[in-house]
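The residues making up each chain are set out below.
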Amino acid sequence: MSTILVTGGTGALGREVVPRLLAAGCQVRVLSRRPRRDDDPAGTQWMVGDLRTGAGLDTAVRDAAVVVHCASDPRRPRSDLGAARNLIDAARANGNPHLVYVSIVGVDRVPLGYYRIKLTVEQLVENSGLPWTILRATQFHDLICYLFQLLARLPVLMIPAGVSFQPVDTGDVAARLTALALGDPAGRAADFGGPRVQSTAELARAWLRATGRRRRLLNVRLPGKAFRGYRDGGNVAPSHADGKVGFEEFLREHVSPSARSAAYGRLRAGRGPR
Ligand SMILES: NC(=O)c1ccc[n+]([C@@H]2O[C@H](COP(=O)([O-])OP(=O)(O)OC[C@H]3O[C@@H](n4cnc5c(N)ncnc54)[C@H](OP(=O)(O)O)[C@@H]3O)[C@@H](O)[C@H]2O)c1
């Protein structure tokens, strides 16, 4: 039974990866800055540690065959660099495990600060001397919901004109990530996108319907290179529409007008966008 460490195993994606690895018969360690809670998955080894300071990393990585690196701190994006360096150092000092990193489609095409950091982390992984795999995924459904929730604070829903997304389900991404973690190091794996590329207006209308809100949509052409990158489709991967669960299906399962505020994790946990 191989031992796999999942960083970010408490996050939106990591929570989906952990049970899949357990089901595959792996011994799973979860790295978190906090102690285990009752609602955390049973059957895992809980490793308290902090990627930013490096605390607890040697113990967490020791004898692991694979490290799946899902942790990220978009509120302090630069800290992802130090976190990756600390993780790589610990991995190199503790048996050179296969390092699997999850990144974002378009980190090299959309010049957002957070994306630049993710691209630099990709380069750290590639040059780490460790066996490595990088999977880039499109935006998760719950992130799109989170963004609409923020925009809906105004009486008019302002949406970026000409921008589309290809939202993907964290369960679908987790299944691909699990397969990659159980396989040989693959280098840059094929991108992973949701089943459909949809305009922001189409997604917004679906979200408004699902949450029972009424807002007029206002298309706004936003300036800047980052929005040009989005308008040019830098954030989508139409030839890799491999996800199964579409945005509307996600909404049906996770959002209801009666609940009004959604059941998706990011809002509950108060985490920010990425
Ligand atoms: N959201 C999207 O649309 C999207 C799309 C493509 C790729 N991605 C990438 O997928 C990955 C996972 O995203 P997510 O949305 O699942 O993240 P998330 O829900 O925000 O979770 C972040 C995780 O990072 C951990 N973490 C943060 N700082 C840490 C630190 N200093 N030490 C240890 N752990 C730390 C947190 O663990 P604790 O709080 O328990 O310590 C938490 O489990 C990220 O790399 C993200 O860039 C996201």
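Look up a bit, the structure's there.
Residues numbered from 1 in each chain as written. Predicted model: local features only at pLDDT ≥ 70, side-chain atom pairs only at ≥ 80, totals over all residues. Heavy atoms only, no water.

Caption draft 1: Quick peek at the side chain of Asp 80. Among the secondary structure elements, Asp 80 is positioned in helix α3 (residues 79-93). Of the side chains with opposite charge, Lys 118 comes closest to the buried, unpaired Asp 80, at an N-O distance of 5.2 Å. For Asp 80, the residues in contact, after removing those within four places along its chain, are Ser 72, Asp 73, Tyr 114, Ile 117 and Val 121. (Helix = DSSP H or I, 4+ residues; strand = E, 2+ residues; numbered from the N terminus. Buried < 20%, exposed > 50% of the residue type's maximum accessible area, 1.4 Å probe, protein only. Lys, Arg positive; Asp, Glu negative; His and termini not counted. Salt bridge = Lys/Arg side-chain N within 4 Å of Asp/Glu carboxyl O. Contact = heavy atoms within 4.5 Å.)

Caption draft 2: View of the packing of aromatic side chains. Applying the stated rule across the entire model yields 3 aromatic pairs. Consider the rings of Phe 165 and Tyr 230, whose centres lie 6.0 Å apart with planes at 50°: the pair is tilted. Residue Phe 165 is located in strand β8 (residues 164-165), and its partner Tyr 230 is located in helix α8 (residues 225-231); the two are separated by 65 residues in the primary sequence. Judged by its relative accessible area of 12%, Tyr 230 is buried. Between Phe 227 and Tyr 230, the aromatic rings sit 6.0 Å apart at their centres with planes inclined by 45°, giving tilted as the arrangement. Of this pair, Phe 227 and Tyr 230 are both found in helix α8, 3 residues apart, which corresponds to roughly one turn of the helix. Put simply, the rings of Phe 165, Phe 227 and Tyr 230 touch in pairs and so form one group of aromatic residues. (Phe/Tyr/Trp six-rings, centres within 6.5 Å; stacked < 30°, edge-to-face > 60°.)

Caption draft 3: Highlighting the layout of surface pockets. Quantified by volume, the second largest pocket comes out at close to 530 Å³. Per-class residue counts for the lining of the second largest pocket are 22 nonpolar, 3 polar and 1 charged. (1 Å grid on protein atoms, 1.4 Å probe; cavity = no way out; pocket = protein on both sides within 12 Å on 5 of 7 lines; lining within 4 Å. Points joined across faces, edges and corners; volume = space filled by probe spheres on them. Nonpolar A, V, L, I, M, F, W, Y, C, P; charged D, E, K, R; others polar.)

Caption draft 4: Here's a closer look at the sheet that holds strand β4 (residues 66-69). Read from one edge to the other, the open sheet built from 7 strands follows the order β3-β2-β1-β4-β5-β6-β9, with strand pairing classed as parallel. The open sheet terminates on both sides in strands that have one partner only, identified here as β3 (45-48) and β9 (187-188). Note that strand β5 (residues 98-104) and strand β6 (residues 132-137) share 6 bridges and pair parallel. Bridge pairing in β6 links Val 102 to Leu 135. Against the sheet, α3 makes contact with β1 (3-7), β4 and β5, and its axis sits at roughly 175° relative to β4, the strand it touches most. Of the strands in this sheet, β1, β4, β5 and β6 are in contact with helix α6 (residues 170-182), which crosses β6 at around 170°. (Pairing = 2+ DSSP bridges. Axes fitted to C-alpha atoms, helices over the stretch in contact; angles between N-to-C directions.)

Caption draft 5: Representation of the pattern of salt bridges. Tallied over the full model, the rule gives 10 salt bridges. A salt bridge links Glu 16 to Arg 20; its shortest N-O distance comes to 3.1 Å. Of this pair, Glu 16 and Arg 20 are both found in helix α1 (residues 14-23), 4 residues apart, which corresponds to roughly one turn of the helix. Look at Glu 16 and you get partly exposed, because its relative accessible area is 28%.

Caption draft 6: Inspection of the nonpolar core at higher detail. Among the nonpolar cores identified, the biggest contains 28 residues, and Phe 148, Leu 157, Trp 207, Phe 247 and Leu 251 are the most heavily contacted of them. Mapped by element, the contributors of at least two residues to this core are α4 (113-126), α5 (141-151), β7 (156-160), α7 (200-211), α8 and α9 (247-254). The residues touching Leu 251, leaving out its near neighbours within four places in the chain, are Cys 145, Ala 206, Trp 207 and Ala 210. Counting residues in each nonpolar core, the second largest holds 26 residues, with Val 18, Val 102, Val 173 and Leu 177 among its members. (Core = buried A, V, L, I, M, F, W, Y, C linked by side-chain atoms within 4.5 Å.)

Caption draft 7: Up close: α3. Between its first and last C-alpha, α3 extends 21 Å over 15 residues, near the 21 Å set by a 1.5 Å rise per residue. Considered for burial, the residues of α3 that qualify are Ser 79, Asp 80, Leu 81, Ala 83, Ala 84, Leu 87, Ile 88, Ala 90 and Ala 91. The secondary structure elements touched by the buried residues of α3 are β1, α2 (57-61), β4, β5 and α4. Positive backbone phi, at 100°, marks Gly 95, one or two positions downstream of α3. (Expected span 1.5 Å × (residues − 1).)

Caption draft 8: Structural view of α5. Burial within α5 is extensive, with 8 of its 11 residues counted as buried. Among the residues of α5, His 141, Asp 142, Leu 143, Ile 144, Cys 145, Tyr 146, Phe 148 and Gln 149 are the ones counted as buried.

Caption draft 9: Focus on unusual backbone geometry. Positive phi, normally seen in glycine, also occurs at Asp 63, with a value near 65°. Its location among the elements puts Asp 63 in the loop between α2 and β4. In this structure Asp 63 comes out as exposed when scored by relative accessible area, which is 64%. The phi torsion at Asn 96 lies on the positive side, around 55°, for a residue other than glycine.

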